[in-house]
Amino acid sequence: MAKGYNEHQQRKNELNILAKDLVRRSRAKCELCEADGVKLTVFEVPPESETVTADQCLFICETCREQIEKPKRMDTDHWRCLNNSIWSEVPAVQIMSARMLKRLAKQHWAEELLDQAYFDEEVEARI
């Protein structure tokens, strides 16, 4: 049990070290909904790899995190922000935006936006 706990703590520490880079990249705004002036945390886009890099992580607000982790509590209006984030130059933002749009596929606007989006092969493979 201690080994698993230690590995988890080490992973958390590695993610926290990336926070400075993510603050700069995101300009201290949620990378999905652009919320400003709220608590932001590092979110690793699944699946996790052995090494942690900023390219695999997002800096997101608690509202986005909760709705990603608990889809039954999803507020579809909140995710209209994906109109902007889907066009991000950051692959992790594109991947998570596309995944959320797929969850919202019953919404006409989400389906249209996903149809309009273009992803390179590497991003497409991870969606």
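Every value quoted in this text rests on a predicted model; they were computed, and no experiment measured them.

Caption draft 1: Representation of the overall build of the chain. The number of helices and strands found in the chain is six helices and two strands. Secondary structure of the chain in N-to-C order comes out as α-β-β-α-α-α-α-α. Computed over the C-alpha atoms, the radius of gyration of the chain is 15 Å, within 12% of the 14 Å expected from 2.2 N^0.38 for a compact globule of 127 residues. In terms of overall dimensions, the chain has a C-alpha envelope of 50 × 35 × 30 Å along the principal axes. Of all 127 residues assigned to the chain, the portion counted as buried reaches 43%. Excluding contacts between residues fewer than 6 apart, the proportion of contacts in the chain whose partners are at least 24 apart in sequence is 60%. For the chain, the accessible surface area stands at approximately 8,200 Å², while carbon and sulfur atoms represent 48% of it. With 19 positive and 23 negative side-chain charges, the chain shows a separation of 6 Å between the mean positions of the two kinds.

Caption draft 2: The arrangement of the side chain of Gln56 in detail. Looking at the element boundaries, Gln56 is found in the loop between strand E1 (40–44) and strand E2 (57–61). Classification of Gln56 as buried rests on a relative accessible area of 11%. Side-chain polar atoms of Gln56 contact the side chain of Thr53, separated by 2.9 Å. Beyond its immediate chain neighbours, meaning those up to four positions away, Gln56 contacts Phe43, Glu44, Val45, Ser49, Thr51 and Ala92.

Caption draft 3: View of the environment of Ile86. Here Ile86 shows up in the loop between helix H3 (82–85) and helix H4 (91–103). Since its relative accessible area comes to 1%, Ile86 is described here as buried. Note: C-alpha distance between Ile86 and Met100 (14 residues apart in sequence) is 10.0 Å. Residue contacts for Ile86: discarding those within four places in its chain leaves Gln94, Ser97, Ala98, Leu101, Leu113, Ala117 and Phe119.

The rules behind the values
Residues numbered from 1 in each chain as written. Predicted model: local features only at pLDDT ≥ 70, side-chain atom pairs only at ≥ 80, totals over all residues. Heavy atoms only, no water. Helix = DSSP H or I, 4+ residues; strand = E, 2+ residues; numbered from the N terminus. Rg over C-alpha atoms; globule rule 2.2 N^0.38 Å. Buried < 20%, exposed > 50% of the residue type's maximum accessible area, 1.4 Å probe, protein only. Contact = heavy atoms within 4.5 Å. Areas by Shrake-Rupley, 256 points an atom, 1.4 Å probe, with all protein chains shown as cover. Lys, Arg positive; Asp, Glu negative; His and termini not counted. Charge placed at Lys NZ, Arg CZ, Asp CG, Glu CD. Polar contact = N/O pair within 3.5 Å; in protein donor to acceptor, adjacent residues only side chain to side chain.

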